Amino acid sequence: MDKAQYIWMDGKLVAWDDAKIHILTHTLHYGNGVFEGTRAYMTENGLAIFKLREHTKRLLNSAKITRIKPTFSLEELEKAHIELLKANDFKSNVYIRPLIYLGYGVMGLNHIKAPVNTAIAAWQWGSYLGDEGLENGIRVKISSFVRNPAKSVMGKAKAAANYLNSQMAKYEAIEAGYEEALLLDDEGFIAEGSGECFFIVRNGVLITPPNDTSLESITQATVLDLAKEAGIPIERRRISRDEAYIADEAFFTGTAAEVTPIKDIDNYIIGDGNRGAMTKQLQEAYFDVVYGRNLKYKHLLTYI
Ligand code: PMP
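Residues numbered from 1 in each chain as written. Predicted model: local features only at pLDDT ≥ 70, side-chain atom pairs only at ≥ 80, totals over all residues. Heavy atoms only, no water.

Some points on the nonpolar core
Formed by 39 residues in total, the largest nonpolar core has its most connected members in Ala 40, Leu 85, Phe 90, Val 94, Ile 96, Ile 100 and Ala 122. If you list the elements that add at least two residues to this core, you get strand E1 (6–9), strand E5 (46–50), helix H2 (52–65), helix H3 (74–88), strand E6 (94–102) and strand E7 (116–124). If we skip the residues at most four places from it in the chain, Ile 100 touches Gly 33, Val 34, Leu 59, Leu 60, Ile 68, Pro 70, Val 116, Asn 117 and Thr 118. Membership of the second largest hydrophobic core comes to 23 residues, among which are Phe 199, Leu 206, Ile 232 and Val 290. (Core = buried A, V, L, I, M, F, W, Y, C linked by side-chain atoms within 4.5 Å. Buried < 20%, exposed > 50% of the residue type's maximum accessible area, 1.4 Å probe, protein only. Helix = DSSP H or I, 4+ residues; strand = E, 2+ residues; numbered from the N terminus. Contact = heavy atoms within 4.5 Å.)

See the structure below:
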(Lines give C-alpha, C1' and ligand atoms only; values in the text may rest on other atoms or scores of the structure.)
Protein backbone atom coordinates (compact mmCIF):
# COMPACT_ATOMS: atom_id res chain seq x y z
CA MET A 1 0.00 0.00 0.00
CA ASP A 2 0.93 3.63 -0.47
CA LYS A 3 2.47 4.55 2.89
CA ALA A 4 1.94 8.01 4.30
CA GLN A 5 4.27 9.76 6.75
CA TYR A 6 2.11 9.78 9.88
CA ILE A 7 -0.76 7.99 11.60
CA TRP A 8 -2.71 9.76 14.35
CA MET A 9 -2.81 7.66 17.53
CA ASP A 10 -4.56 8.92 20.65
CA GLY A 11 -3.66 12.54 20.07
CA LYS A 12 -0.15 12.08 18.68
CA LEU A 13 1.22 11.91 15.16
CA VAL A 14 3.25 8.70 14.97
CA ALA A 15 5.56 7.76 12.09
CA TRP A 16 3.75 5.26 9.81
CA ASP A 17 6.16 2.38 10.52
CA ASP A 18 5.98 2.96 14.29
CA ALA A 19 2.16 2.83 14.49
CA LYS A 20 2.07 -0.54 16.28
CA ILE A 21 -0.11 -2.26 18.88
CA HIS A 22 0.30 -5.12 21.40
CA ILE A 23 -0.62 -8.63 20.25
CA LEU A 24 -3.13 -8.87 23.12
CA THR A 25 -5.09 -5.87 21.89
CA HIS A 26 -8.67 -6.82 22.73
CA THR A 27 -10.24 -5.88 19.38
CA LEU A 28 -7.78 -8.08 17.53
CA HIS A 29 -9.17 -11.14 19.31
CA TYR A 30 -12.91 -10.58 19.57
CA GLY A 31 -13.65 -8.04 16.84
CA ASN A 32 -15.32 -5.38 18.92
CA GLY A 33 -13.98 -2.24 17.36
CA VAL A 34 -15.61 0.40 15.18
CA PHE A 35 -14.30 2.24 12.20
CA GLU A 36 -15.11 4.54 9.32
CA GLY A 37 -14.17 4.77 5.70
CA THR A 38 -13.98 8.39 4.64
CA ARG A 39 -12.54 10.03 1.56
CA ALA A 40 -10.78 13.27 0.82
CA TYR A 41 -10.61 14.49 -2.78
CA MET A 42 -8.03 16.70 -4.42
CA THR A 43 -10.25 19.60 -5.52
CA GLU A 44 -9.26 22.78 -7.37
CA ASN A 45 -8.77 24.35 -3.94
CA GLY A 46 -6.74 21.53 -2.47
CA LEU A 47 -7.61 18.45 -0.49
CA ALA A 48 -11.12 18.35 1.02
CA ILE A 49 -12.79 15.70 3.19
CA PHE A 50 -16.29 14.78 2.03
CA LYS A 51 -18.99 14.66 4.73
CA LEU A 52 -16.54 14.58 7.63
CA ARG A 53 -19.30 15.45 10.11
CA GLU A 54 -21.54 12.57 8.93
CA HIS A 55 -18.72 10.02 9.08
CA THR A 56 -17.56 11.15 12.52
CA LYS A 57 -21.11 11.06 13.89
CA ARG A 58 -21.57 7.54 12.51
CA LEU A 59 -18.28 6.47 14.13
CA LEU A 60 -19.48 7.68 17.52
CA ASN A 61 -22.88 6.06 17.00
CA SER A 62 -21.16 2.78 16.13
CA ALA A 63 -19.19 3.05 19.40
CA LYS A 64 -22.39 3.67 21.33
CA ILE A 65 -24.10 0.63 19.79
CA THR A 66 -21.15 -1.64 20.60
CA ARG A 67 -20.72 -0.28 24.17
CA ILE A 68 -17.37 1.36 23.59
CA LYS A 69 -16.90 4.66 25.41
CA PRO A 70 -15.07 7.04 23.09
CA THR A 71 -12.25 9.07 24.62
CA PHE A 72 -12.38 11.85 22.01
CA SER A 73 -15.31 14.12 21.18
CA LEU A 74 -16.80 14.75 17.75
CA GLU A 75 -14.95 18.07 17.50
CA GLU A 76 -11.65 16.56 18.64
CA LEU A 77 -11.92 13.74 16.11
CA GLU A 78 -12.69 16.16 13.30
CA LYS A 79 -9.68 18.29 14.25
CA ALA A 80 -7.53 15.16 14.34
CA HIS A 81 -8.54 14.30 10.75
CA ILE A 82 -7.49 17.76 9.62
CA GLU A 83 -4.22 17.68 11.56
CA LEU A 84 -3.36 14.30 10.06
CA LEU A 85 -4.07 15.31 6.47
CA LYS A 86 -2.11 18.54 6.89
CA ALA A 87 0.90 16.72 8.34
CA ASN A 88 0.96 14.15 5.54
CA ASP A 89 0.88 16.73 2.76
CA PHE A 90 -0.93 14.43 0.30
CA LYS A 91 -0.80 15.08 -3.44
CA SER A 92 -3.85 13.09 -4.57
CA ASN A 93 -7.13 11.55 -3.34
CA VAL A 94 -6.97 10.00 0.08
CA TYR A 95 -8.85 7.28 1.94
CA ILE A 96 -9.18 7.86 5.69
CA ARG A 97 -9.63 5.08 8.23
CA PRO A 98 -10.50 6.16 11.77
CA LEU A 99 -10.70 3.26 14.23
CA ILE A 100 -11.86 3.16 17.84
CA TYR A 101 -10.65 -0.05 19.38
CA LEU A 102 -10.30 -1.83 22.70
CA GLY A 103 -6.67 -1.91 23.70
CA TYR A 104 -4.31 -4.05 25.73
CA GLY A 105 -4.86 -5.02 29.34
CA VAL A 106 -8.01 -7.13 29.59
CA MET A 107 -8.87 -10.44 27.94
CA GLY A 108 -12.18 -12.29 27.91
CA LEU A 109 -15.40 -11.19 26.31
CA ASN A 110 -16.42 -8.64 28.88
CA HIS A 111 -14.41 -5.67 27.67
CA ILE A 112 -15.90 -3.01 29.88
CA LYS A 113 -12.61 -2.42 31.72
CA ALA A 114 -10.44 -2.53 28.61
CA PRO A 115 -8.73 0.71 27.58
CA VAL A 116 -10.23 2.47 24.58
CA ASN A 117 -7.81 3.61 21.89
CA THR A 118 -8.35 5.72 18.81
CA ALA A 119 -6.32 5.88 15.63
CA ILE A 120 -6.75 7.60 12.29
CA ALA A 121 -4.78 6.49 9.26
CA ALA A 122 -4.90 8.00 5.80
CA TRP A 123 -3.22 7.06 2.56
CA GLN A 124 -3.44 7.85 -1.12
CA TRP A 125 -5.86 5.39 -2.67
CA GLY A 126 -7.45 5.26 -6.11
CA SER A 127 -10.84 3.78 -7.00
CA TYR A 128 -11.80 0.76 -4.87
CA LEU A 129 -13.28 -1.35 -7.65
CA GLY A 130 -10.89 -0.05 -10.33
CA ASP A 131 -10.98 2.78 -12.87
CA GLU A 132 -12.11 0.31 -15.51
CA GLY A 133 -15.03 -0.66 -13.23
CA LEU A 134 -16.05 2.97 -12.74
CA GLU A 135 -16.34 3.41 -16.48
CA ASN A 136 -17.44 0.06 -17.80
CA GLY A 137 -18.97 -1.65 -14.80
CA ILE A 138 -18.13 -4.71 -12.76
CA ARG A 139 -19.29 -8.30 -12.59
CA VAL A 140 -21.34 -9.18 -9.51
CA LYS A 141 -22.28 -12.50 -7.92
CA ILE A 142 -25.19 -13.07 -5.59
CA SER A 143 -23.59 -14.60 -2.54
CA SER A 144 -24.40 -17.90 -0.90
CA PHE A 145 -23.80 -16.01 2.35
CA VAL A 146 -26.84 -14.21 3.73
CA ARG A 147 -26.46 -10.69 5.15
CA ASN A 148 -26.27 -10.72 8.94
CA PRO A 149 -29.91 -10.66 10.10
CA ALA A 150 -31.01 -7.95 12.55
CA LYS A 151 -31.77 -10.57 15.17
CA SER A 152 -28.10 -11.59 15.25
CA VAL A 153 -26.03 -8.45 14.79
CA MET A 154 -26.50 -4.72 14.80
CA GLY A 155 -25.96 -3.54 11.27
CA LYS A 156 -26.15 0.17 12.06
CA ALA A 157 -22.74 -0.16 13.68
CA LYS A 158 -19.77 -0.07 11.35
CA ALA A 159 -18.17 -2.66 13.58
CA ALA A 160 -15.16 -4.77 12.63
CA ALA A 161 -16.95 -7.96 13.66
CA ASN A 162 -19.77 -7.36 11.19
CA TYR A 163 -17.33 -7.61 8.29
CA LEU A 164 -16.56 -11.32 8.49
CA ASN A 165 -19.84 -11.89 6.65
CA SER A 166 -18.82 -9.39 3.94
CA GLN A 167 -15.35 -10.87 3.63
CA MET A 168 -16.63 -14.42 3.12
CA ALA A 169 -19.00 -13.16 0.43
CA LYS A 170 -16.22 -11.19 -1.26
CA TYR A 171 -13.78 -14.13 -1.31
CA GLU A 172 -16.46 -16.36 -2.81
CA ALA A 173 -17.30 -13.83 -5.53
CA ILE A 174 -13.66 -13.25 -6.50
CA GLU A 175 -12.88 -16.96 -6.59
CA ALA A 176 -15.87 -17.48 -8.90
CA GLY A 177 -14.47 -14.88 -11.34
CA TYR A 178 -16.63 -11.90 -10.30
CA GLU A 179 -15.51 -8.60 -8.84
CA GLU A 180 -18.01 -8.04 -6.07
CA ALA A 181 -20.63 -9.89 -4.04
CA LEU A 182 -24.28 -8.98 -3.61
CA LEU A 183 -25.86 -10.34 -0.44
CA LEU A 184 -29.49 -11.25 0.09
CA ASP A 185 -31.23 -10.74 3.42
CA ASP A 186 -32.65 -13.62 5.42
CA GLU A 187 -35.94 -13.33 3.50
CA GLY A 188 -34.27 -13.57 0.10
CA PHE A 189 -34.42 -9.91 -0.93
CA ILE A 190 -31.33 -7.97 -1.92
CA ALA A 191 -29.64 -6.38 1.09
CA GLU A 192 -26.40 -4.80 -0.18
CA GLY A 193 -22.93 -5.48 -1.53
CA SER A 194 -20.03 -6.53 0.70
CA GLY A 195 -19.27 -2.84 1.29
CA GLU A 196 -21.74 -0.98 -0.91
CA CYS A 197 -25.41 -0.13 -1.31
CA PHE A 198 -27.29 -1.40 -4.33
CA PHE A 199 -29.45 0.51 -6.81
CA ILE A 200 -31.37 -0.49 -9.91
CA VAL A 201 -33.16 1.52 -12.58
CA ARG A 202 -36.39 0.25 -14.13
CA ASN A 203 -38.44 2.26 -16.62
CA GLY A 204 -36.80 5.50 -15.51
CA VAL A 205 -37.39 4.87 -11.78
CA LEU A 206 -34.44 4.67 -9.39
CA ILE A 207 -34.94 1.88 -6.83
CA THR A 208 -32.85 1.07 -3.76
CA PRO A 209 -33.68 -1.10 -0.75
CA PRO A 210 -34.67 0.64 2.50
CA ASN A 211 -31.60 -0.83 4.33
CA ASP A 212 -33.52 -0.49 7.54
CA THR A 213 -31.40 -3.10 9.30
CA SER A 214 -28.03 -2.16 7.82
CA LEU A 215 -25.61 0.73 7.86
CA GLU A 216 -26.98 4.23 7.32
CA SER A 217 -25.05 4.79 4.15
CA ILE A 218 -23.65 8.24 3.53
CA THR A 219 -23.11 7.83 -0.23
CA GLN A 220 -26.57 6.36 -0.78
CA ALA A 221 -28.04 9.47 0.89
CA THR A 222 -25.95 11.75 -1.35
CA VAL A 223 -26.99 9.89 -4.50
CA LEU A 224 -30.67 9.99 -3.48
CA ASP A 225 -30.40 13.77 -2.87
CA LEU A 226 -28.85 14.22 -6.30
CA ALA A 227 -31.53 12.08 -7.95
CA LYS A 228 -34.31 14.03 -6.21
CA GLU A 229 -32.76 17.27 -7.36
CA ALA A 230 -32.62 15.98 -10.95
CA GLY A 231 -36.33 15.09 -10.81
CA ILE A 232 -35.71 11.34 -11.01
CA PRO A 233 -38.54 9.27 -9.48
CA ILE A 234 -37.29 7.23 -6.51
CA GLU A 235 -38.61 4.11 -4.80
CA ARG A 236 -37.25 2.77 -1.50
CA ARG A 237 -38.42 -0.81 -1.50
CA ARG A 238 -37.25 -4.38 -1.47
CA ILE A 239 -35.75 -5.79 -4.66
CA SER A 240 -35.88 -9.52 -5.39
CA ARG A 241 -33.08 -11.37 -7.11
CA ASP A 242 -35.04 -11.90 -10.32
CA GLU A 243 -36.03 -8.23 -10.49
CA ALA A 244 -32.33 -7.32 -10.31
CA TYR A 245 -31.63 -9.62 -13.28
CA ILE A 246 -34.12 -7.75 -15.46
CA ALA A 247 -33.17 -4.22 -14.36
CA ASP A 248 -32.35 -1.68 -17.09
CA GLU A 249 -29.36 -0.48 -15.04
CA ALA A 250 -27.72 -1.41 -11.77
CA PHE A 251 -24.96 0.18 -9.73
CA PHE A 252 -23.25 0.17 -6.35
CA THR A 253 -22.58 3.18 -4.14
CA GLY A 254 -20.21 3.59 -1.21
CA THR A 255 -17.50 5.89 0.03
CA ALA A 256 -14.88 3.52 -1.35
CA ALA A 257 -16.87 2.29 -4.36
CA GLU A 258 -18.22 5.80 -5.20
CA VAL A 259 -20.77 5.13 -7.97
CA THR A 260 -19.77 1.90 -9.73
CA PRO A 261 -21.90 0.51 -12.57
CA ILE A 262 -22.75 -3.20 -12.64
CA LYS A 263 -22.53 -4.95 -15.99
CA ASP A 264 -23.79 -8.37 -15.00
CA ILE A 265 -25.24 -10.18 -12.01
CA ASP A 266 -24.67 -13.96 -12.00
CA ASN A 267 -23.88 -13.64 -15.69
CA TYR A 268 -27.27 -12.05 -16.47
CA ILE A 269 -26.32 -9.00 -18.54
CA ILE A 270 -27.80 -5.80 -17.11
CA GLY A 271 -29.25 -3.57 -19.86
CA ASP A 272 -26.76 -3.68 -22.72
CA GLY A 273 -23.88 -4.51 -20.38
CA ASN A 274 -22.50 -0.97 -20.36
CA ARG A 275 -22.79 1.89 -17.90
CA GLY A 276 -26.42 3.04 -18.14
CA ALA A 277 -27.48 6.62 -18.87
CA MET A 278 -28.90 7.31 -15.39
CA THR A 279 -25.92 5.65 -13.73
CA LYS A 280 -23.60 7.93 -15.72
CA GLN A 281 -25.68 11.00 -14.86
CA LEU A 282 -25.61 10.23 -11.12
CA GLN A 283 -21.95 9.24 -11.18
CA GLU A 284 -21.00 12.56 -12.81
CA ALA A 285 -23.20 14.48 -10.38
CA TYR A 286 -21.56 12.65 -7.46
CA PHE A 287 -18.05 13.49 -8.67
CA ASP A 288 -19.08 17.13 -9.18
CA VAL A 289 -20.10 17.22 -5.51
CA VAL A 290 -17.05 15.50 -3.99
CA TYR A 291 -14.62 17.49 -6.14
CA GLY A 292 -16.27 20.76 -5.05
CA ARG A 293 -17.55 21.62 -8.56
CA ASN A 294 -21.18 21.82 -7.41
CA LEU A 295 -21.31 24.93 -5.23
CA LYS A 296 -24.67 23.93 -3.73
CA TYR A 297 -22.95 21.10 -1.86
CA LYS A 298 -19.75 22.90 -0.91
CA HIS A 299 -20.76 22.94 2.76
CA LEU A 300 -20.23 19.14 2.77
CA LEU A 301 -16.50 19.57 2.14
CA THR A 302 -13.89 20.26 4.82
CA TYR A 303 -10.93 21.89 3.11
CA ILE A 304 -7.53 21.07 4.57
N1 PMP B 1 -22.75 -1.19 3.36
C2 PMP B 1 -21.62 -1.66 3.94
C3 PMP B 1 -21.64 -3.00 4.57
C4 PMP B 1 -20.46 -0.88 3.92
O5 PMP B 1 -19.34 -1.34 4.47
C6 PMP B 1 -20.48 0.38 3.29
C7 PMP B 1 -19.23 1.20 3.26
N8 PMP B 1 -19.10 1.99 4.41
C9 PMP B 1 -21.68 0.82 2.72
C10 PMP B 1 -22.79 0.01 2.77
C11 PMP B 1 -21.76 2.16 2.09
O12 PMP B 1 -21.73 3.13 3.09
P13 PMP B 1 -21.14 4.57 2.82
O14 PMP B 1 -21.84 5.10 1.63
O15 PMP B 1 -21.51 5.34 4.04
O16 PMP B 1 -19.69 4.43 2.62
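Following the structure, the description resumes.
Things to note about the site of the ligand
In the region of the ligand, 15 residues are neighbours, and Arg 58, Tyr 163, Glu 192, Thr 219 and Thr 255 sit closest. Here Tyr 163 contributes a side-chain N or O atom positioned 2.4 Å from an oxygen atom of the ligand. About the coverage of the ligand: the protein hides 94% of its 390 Å² of free accessible area. (Near = heavy atom within 4 Å. Polar contact = N/O pair within 3.5 Å; in protein donor to acceptor, adjacent residues only side chain to side chain. Areas by Shrake-Rupley, 256 points an atom, 1.4 Å probe, with all protein chains shown as cover.)

Some remarks on the domain arrangement of the chain
Along its sequence, the chain is carved into domain 1 (6–124) and domain 2 (131–290). The C-alpha-based centres of domain 1 and domain 2 are spaced at 26 Å. If you look at the interface, domain 1 gives 19 residues, while domain 2 gives 20 residues. Taken together, both faces of the contact between domain 1 and domain 2 bury some 1,700 Å²; the carbon and sulfur share is 64%. (Domains from an automatic or database assignment. Buried area = accessible area lost by both parts, 1.4 Å probe.)

Some remarks on a nonpolar patch on the surface
A cluster of nonpolar residues, Ile 21, Ile 23, Leu 24, Leu 28, Tyr 30, Tyr 104, Met 107 and Leu 109, forms a patch on the protein surface that exposes about 830 Å² of accessible area. With respect to the helices and strands, the residue Leu 28 is situated in helix H1 (residues 26–30). The exposure class of Leu 28 is exposed, given its relative accessible area of 54%. (Patch = residues over 30% accessible without salt bridge, like charges linked within 9 Å, V, L, I, M, F, W, Y side chains within 5 Å. Salt bridge = Lys/Arg side-chain N within 4 Å of Asp/Glu carboxyl O.)

Comments concerning the pattern of salt bridges
Within this structure, the stated rule accounts for 16 salt bridges. For Lys 170, the salt bridge is made with Glu 180, and the minimal N-O distance between the two is 3.0 Å. Of the two residues, Lys 170 sits in helix H5 (residues 163–175) while Glu 180 sits in strand E9 (residues 180–184), which places them 10 residues apart along the sequence. Residue classification places Lys 170 among the buried residues on the basis of a relative accessible area of 18%. With relative accessibility at 0%, the residue Glu 180 sits in the buried group. The salt bridge involving Arg 237 is made with Glu 243; its shortest N-O contact spans 2.8 Å. One salt-bridge network, held together by shared partners, links Arg 202, Glu 235, Arg 237 and Glu 243.

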